[in-house]
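# Residue-level structural notes
As a plain string of letters, each chain reads:
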Amino acid sequence: MQQRWKYLLSAAIAMAIFFPACNKSEFSKDEPLPEEFSPSIYISSQNQFVYALNPSNGNKKWECNVGGNVSATPLLHQGNLYVAAGNGVLYKIDPDRGSILAEVRFPSFSLATPVGDGGLIYLGSGDSLYALDANTLEKRWQHGAGSAIVSSPALHNNMIIYGNNNGQIYALNKADGLHLWTYDAGVNNSFRTTPAVKGDFVYAGSNSGTLFALNSHTGTEEWTYTTDGALQSSPIAYGGNVIFGSDNYKLYCIDSASAQPRWIISTGDRIVSSPYAYEQVIFVGSYDFNLYAIHIIDGNIQWKYRTNALIKSSPIVYKNKVYFGSYDKYLYALDVATGTLAWKHNINGLIECSPVVNEPEGLTVHPSVSGMAKY
């Protein structure tokens, strides 16, 4: 036993000679590797959850319970995700991790799709438009509209423009809420669509079936175009055209100068989904369960894809895929050229809101139902 102890001691001394003791200061610090984030598509539904999915394959990244059903489209702004829920709360969410960063409760449970500009977030709640600090969600100003606001406002230069349920369209200074002009279409009209602003014109559709074209500087009426169905589909202004759907089962393409139709196509049911323009194709959903791809020049249907329920969600296009939700509870990704299914993901709730896409580098894609849309 003593000889074995002497042997172990000799071995330890030898190791000390040939392998000097390590100095801890020679090691680098055990710091965590930097997080790497990839593009995400965000969607919610009537199941009180917000989801982040991989836009390439539909795999879920995270989910966040917001305590209320979500009909309003999420907003991506200054590196944060803002979600207006049916419980009357606006949530600020980390788009990469799905954690809630801040929240603010409103007196009305009716929250419209928010928009963002600089350090402010704007959204309608009840009969008022609110401007909030994008960081803290504290109120900066409030404008009383006298009637419910259910659609997203639109941003244009120094203005924010929105309509209410009592037939008025307002233009305010977006910095301080100062009133600039009001257009009154009469009590027979209710504006439930997001205005589209292009150059000197504001386009807004009402439940009377009329599309109004207003001067963006003064609010004076330039022309109107009347259909025989309520307009719940927000218009887009694209390539000298104004494109919108109607409850009369039709999609309209109206020349923005002459106010005459270039083409009108019929679907099998009402169109509440807002059209989305990508290159020379218009994408729009219908209550007839189909998503349509329509050529902008002649109105020819390039393809259509049938889901298992009505489509109220407005589509977006990102990297050659068109994304949209259906009442069959699936978020779909289709090839833009052929309409073939790339993937679909069941999020266990009726989908009324529309998807948005975010890239870590800062690129965002919002649907036409949002005042943040490109057209």
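Cut-offs and rules
- Residues numbered from 1 in each chain as written.
- Predicted model: local features only at pLDDT ≥ 70, side-chain atom pairs only at ≥ 80, totals over all residues.
- Heavy atoms only, no water.
- Helix = DSSP H or I, 4+ residues; strand = E, 2+ residues; numbered from the N terminus.
- Rg over C-alpha atoms; globule rule 2.2 N^0.38 Å.
- Buried < 20%, exposed > 50% of the residue type's maximum accessible area, 1.4 Å probe, protein only.
- Contact = heavy atoms within 4.5 Å.
- Areas by Shrake-Rupley, 256 points an atom, 1.4 Å probe, with all protein chains shown as cover.
- Lys, Arg positive; Asp, Glu negative; His and termini not counted.
- Charge placed at Lys NZ, Arg CZ, Asp CG, Glu CD.
- Core = buried A, V, L, I, M, F, W, Y, C linked by side-chain atoms within 4.5 Å.
- Pairing = 2+ DSSP bridges.
- Axes fitted to C-alpha atoms, helices over the stretch in contact; angles between N-to-C directions.
- Phe/Tyr/Trp six-rings, centres within 6.5 Å; stacked < 30°, edge-to-face > 60°.
- Salt bridge = Lys/Arg side-chain N within 4 Å of Asp/Glu carboxyl O.
- pLDDT = per-residue confidence, 0-100.

Time to look at the overall build of the chain. The number of helices and strands found in the chain is one helix and 33 strands. On C-alpha atoms alone, the chain measures out to a radius of gyration of 26 Å, which is more than a quarter above the 21 Å that the 2.2 N^0.38 rule sets for 375 residues. Overall size of the chain, expressed as C-alpha extent along the three principal axes, is 105 × 45 × 35 Å. Taken over 375 residues, the chain has a buried fraction of 56%. For the chain, contacts bridging at least 24 residues in sequence account for 42% of all contacts bridging at least 6. Entry remark: accessible area of the chain is about 16500 Å², with carbon and sulfur atoms responsible for 49%. Averaged over its 25 positive side-chain charges, the chain has a centre that lies 9 Å from the centre of its 30 negative ones.

In this structure, Phe283, Trp303 and Val322 are the most contacted members of the largest nonpolar core, which totals 29 residues. Contributions of two or more residues to this core are made by strand 1 (40–44), strand 2 (49–53), strand 25 (281–285), strand 26 (290–295), strand 27 (301–306), strand 28 (316–318), strand 29 (321–325) and strand 30 (330–335). Ranked by the residues each element gives to this core, the list is headed by strand 30, at four residues.

Strand order in the open sheet formed by four strands is 4-5-6-7, with antiparallel pairing between adjacent strands. With partners counted over all chains shown, the strands left at the sheet margins are strand 4 (75–77) and strand 7 (100–105), one partner each. Here the average twist between neighbouring strands, direction ignored, is 20 degrees. For strand 5 (residues 80–84) and strand 6 (residues 89–93), the ladder comprises four bridges, and the chain directions are antiparallel. In the strand pairing of strand 6, Leu81 is matched with Ile93.

Let us now look at the packing of aromatic side chains. We describe a pair of aromatic rings using the distance from one ring centre to the other and the angle between the two ring planes. What the rule picks out here adds up to 17 aromatic pairs. Seen in terms of ring centroids, Tyr225 and Tyr252 are 5.9 Å apart; in terms of plane orientation they differ by 65 degrees. Their pairing is edge-to-face. Highlighted residues: Tyr225 in strand 19 (residues 221–226) and Tyr252 in strand 22 (residues 250–255), separated in sequence by 27 residues. The buried category is assigned to Tyr225, whose relative accessible area is 16%. A ring pair is formed by Tyr330 and Tyr332, whose centres lie 6.1 Å apart and whose planes are at 50 degrees; its orientation type is tilted.

Scanning the entire structure with this criterion turns up eight salt bridges. One salt bridge in this structure joins Arg97 and Asp94, with 2.7 Å as the shortest N-O distance. Relative accessible area serves as the criterion here: at 42%, Arg97 is assigned to the partly exposed category. By relative accessible area, Asp94 is classed as buried at 11%. For Arg140, the salt bridge is made with Glu138, and the minimal N-O distance between the two is 3.8 Å. The structure contains a network of salt bridges with shared partners spanning Asp133, Glu138 and Arg140.

With that out of the way, let us pick up the sheet that holds strand 8 (residues 115–117). Across the sheet, which stays open at both edges, the four strands sit in the order 8-9-10-11 with antiparallel pairing between neighbours. Each edge of the open sheet carries a strand with a single partner, namely strand 8 and strand 11 (139–144). For this sheet, the mean angle separating the axes of adjacent strands, direction not counted, is 20 degrees. As defined by bridge partners, strand 9 (residues 120–125) adjoins strand 10 (residues 128–133) across six bridges and the pair is classed as antiparallel. Paired with Tyr122 across the two strands is Ala131, which belongs to strand 10.

In this section: the environment of Leu334. Locating Leu334 in the fold gives a position in strand 30. Residue Leu334 is classed as buried on the basis of its relative accessible area, which comes to 0%. Sequence spacing of Leu334 and Tyr305 is 29 residues, and the spatial spacing of their C-alpha atoms is 8.6 Å. Filtering out sequence-adjacent residues up to four positions away, Leu334 remains in contact with Leu291, Trp303, Tyr305, Asn320, Lys321, Val322, Phe324, Gly339, Thr340, Leu341 and Ala342.

Next up on the list: the environment of Cys253. Residue placement: Cys253 occurs in strand 22. Spatially, the C-alpha atoms of Cys253 and Pro235 are 9.7 Å apart, while their sequence positions differ by 18 residues. Dropping the residues within four chain positions of it, Cys253 is found in contact with Asn241, Val242, Ile243, Gln260, Pro261, Arg262, Trp263 and Ile296.

A separate point is the confidence of the model for the chain. With 90% of its residues at a pLDDT of 70 or more, the chain has an overall mean of 91. Taken together, the stretch residues 1–9 has pLDDT below 50 and engages in zero contacts with residues farther than four places along the chain or on a different chain. Here residues 11–25 is a poorly scored stretch, pLDDT under 50, and it has one contact once near neighbours within four places are set aside; other chains count.

Counting buried positions over the six residues of strand 18 (residues 210–215) gives six, a clear majority of the element. Burial along strand 18 is two-sided: the residues Thr210, Phe212 and Leu214 and Leu211, Ala213 and Asn215 are all buried. Note that strand 17 (residues 201–205) and strand 18 share five bridges and pair antiparallel. Each residue of the ladder has a partner; that of Val202, found in strand 18, is Leu214. Where strand 17 hands over to strand 18, the hairpin turn is made up of four residues, of which Gly209 adopts a positive phi near 90 degrees. Judged from the five bridges that link them, strand 18 and strand 19 form a sheet pairing that is antiparallel. Paired with Phe212 across the bridge in strand 19 is Thr224. Hairpin connection, strand 18 to strand 19: the antiparallel pair is bridged by five residues, and Gly219 has positive phi, about 80 degrees.

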